[in-house]
Amino acid sequence: MASNGSSLTPTHYWGLFALLLAAFLLANDYTAFSPALPAIQKTFNVDITTIHWVVNAYTLVYGVLIVSTGRMADIYGRRRMFITGIYIFTASSLVGGFAGNIGTLLFARAWMGLGGALAWVAILGMVFSLLPRDKAGLAGGLILTTTGLANASGPVIGGLLADFASWRWILFINIPIALLVILLCWSKYPPASTQRSNKKIDYWGVITLCGSLFSFLLAMDLVVQYGLSHFYVWGLLVLSIFLMIFFAVVETVDPNNALIPGELIKNRGFIAAGLSMFFVAIAFFATLVYIPQLFIKVKGFSAFGAGLALLPLMVSSGVVAYISGALYERLGAKILICAGALGMCVGLFLLSAVEPQASYIRFLPGLLIVGSSIGIYSPTIVTAAISVVGPSDSSLAGSIIYMFKFVGGALGLGVNATLLAMAPNIAVGIERAFVVDAYLALLGFLISMIFFSGLSTKTIR
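Analysis parameters
- Residues numbered from 1 in each chain as written.
- Predicted model: local features only at pLDDT ≥ 70, side-chain atom pairs only at ≥ 80, totals over all residues.
- Heavy atoms only, no water.
- pLDDT = per-residue confidence, 0-100.
- Helix = DSSP H or I, 4+ residues; strand = E, 2+ residues; numbered from the N terminus.
- Contact = heavy atoms within 4.5 Å.
- Patch = residues over 30% accessible without salt bridge, like charges linked within 9 Å, V, L, I, M, F, W, Y side chains within 5 Å.
- Areas by Shrake-Rupley, 256 points an atom, 1.4 Å probe, with all protein chains shown as cover.
- Salt bridge = Lys/Arg side-chain N within 4 Å of Asp/Glu carboxyl O.
- Axes fitted to C-alpha atoms, helices over the stretch in contact; angles between N-to-C directions.
- Parallel < 35°, antiparallel > 145°, perpendicular 65-115°, else oblique.
- Left-handed = near helix turned anticlockwise from the far one by under 90°.
- Nonpolar A, V, L, I, M, F, W, Y, C, P; charged D, E, K, R; others polar.
- Phe/Tyr/Trp six-rings, centres within 6.5 Å; stacked < 30°, edge-to-face > 60°.
- Buried < 20%, exposed > 50% of the residue type's maximum accessible area, 1.4 Å probe, protein only.
- Expected span 1.5 Å × (residues − 1).
- Polar contact = N/O pair within 3.5 Å; in protein donor to acceptor, adjacent residues only side chain to side chain.
- Lys, Arg positive; Asp, Glu negative; His and termini not counted.

**Some remarks on the confidence of the model for the protein**
Reasoning step 1: For the protein, per-residue confidence averages 82 on the pLDDT scale, and 87% of positions sit at 70 or higher.
Reasoning step 2: Taken element by element, the protein is modelled with least confidence in helix α12 (residues 262-265), mean pLDDT 76, and with most confidence in helix α8 (residues 168-172), mean pLDDT 95.
Reasoning step 3: Confidence drops under a pLDDT of 50 for residues 1-5, and excluding neighbours within four residues, the segment shows 16 contacts in the predicted structure.
Reasoning step 4: Long-range and interchain partners of residues 454-461, a stretch whose pLDDT sits below 50, account for 26 contacts in this model, where long-range means more than four residues apart.

And the structure:
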């Protein structure tokens, strides 16, 4: 339903409202679980390595499938994939809300990742198709503003529900919102003509990559229980390596439909952007998950209080992301990317150096630096990665960069959970995790500094 004129009708506004509401729903759910993890851990009486799968199950499935779901949207139509994704997300939220054991909850969260990936890849294209072409800037701004607001409010809403109702309501509250989205989309966003793509979905690529990452994460969990030398651990690590090699081979069989096309792999700037995003994402995900746990389990904050404690990080991230576009035009990509990655490193070192029993004020500099740094870094690295490929590959490039982000976050949480479980107490474990993550962010900075050329250019070459 592309509009060539500049006038907006009530149908445009209702359709836009439905899409932005869906964007808020998905982005809010992603951060809402951070302060609720201790409550979920208490409900099911599981260890810290297991409870992180509540985030990892969603993140890993979402990250690995986001590229393939983009292809599905091209083949079957964005509106159809969007509604299918919201249906899956809704049904999975219901199952997860009523989960009687941790296995059922993790199963539901994995399916929520599938639903989220299906819906999200369609949202941006649908918004741009709905609005007139002369309002393209408005479309992008609305999406960024909505997701920023959702990410900032997620920990507060999740903490509030965990404290005064139940963590299950983080899932239950999705259902009426999602049903409203479906109703509005069916009635206010008319079906567009589907232009079927000749591309195919790389099912084997998805299976092998997901299997490799899952095997590695499971091995990290079992290290705590059995030790690094146990047969189960080594067996899973060998399986992970085998599947990763198989993935690399599969990608060469049908390069035109590969999950990560060969021409992008050969693009030095693009791969550098992906690897940098991978390492910096580890640092950011760790902060998002472990700061609430530190405040709840060590400092005695409530879940709601821990959610509020994250606000400086989330708000500074949103504010800086909003102005990063103007900075990008004036300073270019490399300066902002390097500053963001280095800022993440500095912020995490500051957080690791604060005594757990210190006042909350002592944590503020680290939180503000981490938030501002990711606000500079994230939109710039995505824009820069898209700018180094041809226009025909821009959507695919954006999806792959997000895959690096979420896969890095999932792997980082798995490794960090192992560090926490092997530490004498959670305070020491979080301190060690933040130090390791700071060095990984530093690695992201070094990749950006060495492999990105053009300090003052607006693109990476």
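More follows now that the structure is in view.
**As for a nonpolar patch on the surface**
Reasoning step 1: A cluster of nonpolar side chains, contributed by Tyr203, Trp204, Ile207, Leu239, Ile241, Phe242, Ile245, Phe246, Val249 and Val253, occupies part of the molecular surface with about 1100 Å² of accessible area.
Reasoning step 2: Among the elements of the structure, α10 (203-226) and α11 (231-253) are those that each provide at least two residues to the nonpolar patch.
Reasoning step 3: Here the element with the most residues in the nonpolar patch is α11; it accounts for seven residues.
Reasoning step 4: By the secondary structure assignment, Leu239 is in helix α11.

**Section: the packing of helix α13 (residues 268-297) against helix α17 (residues 364-387)**
Reasoning step 1: As a packed pair, α13 and α17 sit with axes 10 Å apart at the nearest point and diverge in direction by 150°. One way to sum up the angle between α13 and α17 is to call them roughly antiparallel. Crossing hand, α13 versus α17: left-handed. For the pair formed by α13 and α17, the contact residues are Phe270, Ala273, Ser276, Met277, Val280, Phe284, Thr287 and Ile291 on the first element and Leu367, Val370, Ile374, Tyr377, Ser378, Ile381, Val382 and Ala385 on the second.
Reasoning step 2: Of the residues belonging to the contact of α13 with α17, the class tally is 13 nonpolar, three polar and no charged.

**Describing the packing of aromatic side chains**
Reasoning step 1: Going through the model one piece at a time under the given rule, you end up with 18 aromatic pairs.
Reasoning step 2: Seen in terms of ring centroids, Trp169 and Phe172 are 5.4 Å apart; in terms of plane orientation they differ by 75°. Their pairing is edge-to-face. On the criterion of helical spacing, the pair formed by Trp169 and Phe172 is a turn pair, its members being three residues apart in helix α8.
Reasoning step 3: By relative accessible area, Trp169 is classed as partly exposed at 46%.
Reasoning step 4: Ring pairing ties together the aromatic residues Tyr58, Tyr62, Phe284, Phe285 and Phe406, which thus form one cluster.

**A look at the packing of helix α15 (residues 311-331) against helix α16 (residues 333-353)**
Packed helices, taken two at a time, are described by the angle between their axes plus the distance between the axes.
Reasoning step 1: α16 packs onto α15 with a crossing angle of 125° between their chain directions and a minimal axis gap of 7 Å. In terms of their interaxial angle, α15 and α16 are classed as oblique. When α15 is examined against α16, the residues Ser324, Leu327, Tyr328 and Leu331 are found in contact with a partner set consisting of Ala333, Ile335 and Leu336.
Reasoning step 2: Looking at the contact of α15 with α16 residue by residue, the classes come out as six nonpolar, one polar and no charged.

**Notes on helix α19 (residues 426-451)**
Reasoning step 1: If you check α19, its first and last C-alpha atoms are 37 Å apart, about what 26 residues at 1.5 Å a residue would give, namely 38 Å.
Reasoning step 2: The opening residue of α19, the one whose side-chain oxygen lies 3.1 Å from the backbone nitrogen of Ala427, is Asn425.

**Side note on the environment of Pro292**
Reasoning step 1: Mapped onto the secondary structure, Pro292 falls in helix α13.
Reasoning step 2: For Pro292, a relative accessible area of 0% translates into the label buried.
Reasoning step 3: Put simply, Pro292 and Leu310 are 18 residues apart on the chain and 7.4 Å apart in space, counted from C-alpha to C-alpha.
Reasoning step 4: Residues contacting Pro292, with those up to four places away along its chain left out, are Ser34, Pro35, Thr287, Ala306 and Leu310.

**Looking at the side chain of Lys299**
Reasoning step 1: When you line up the elements, Lys299 lands in the loop between α13 and α14 (303-309).
Reasoning step 2: One buried charged side chain, Lys299, makes no salt bridge at all; its nearest oppositely charged neighbour is Glu355, positioned 10 Å away.
Reasoning step 3: A polar side-chain atom of Lys299 sits 2.3 Å from the main-chain carbonyl oxygen of Ala358.
Reasoning step 4: With sequence-adjacent residues up to four places away left out, Lys299 is seen in contact with Leu294, Pro356, Gln357, Ala358, Ser359, Tyr360 and Phe363.

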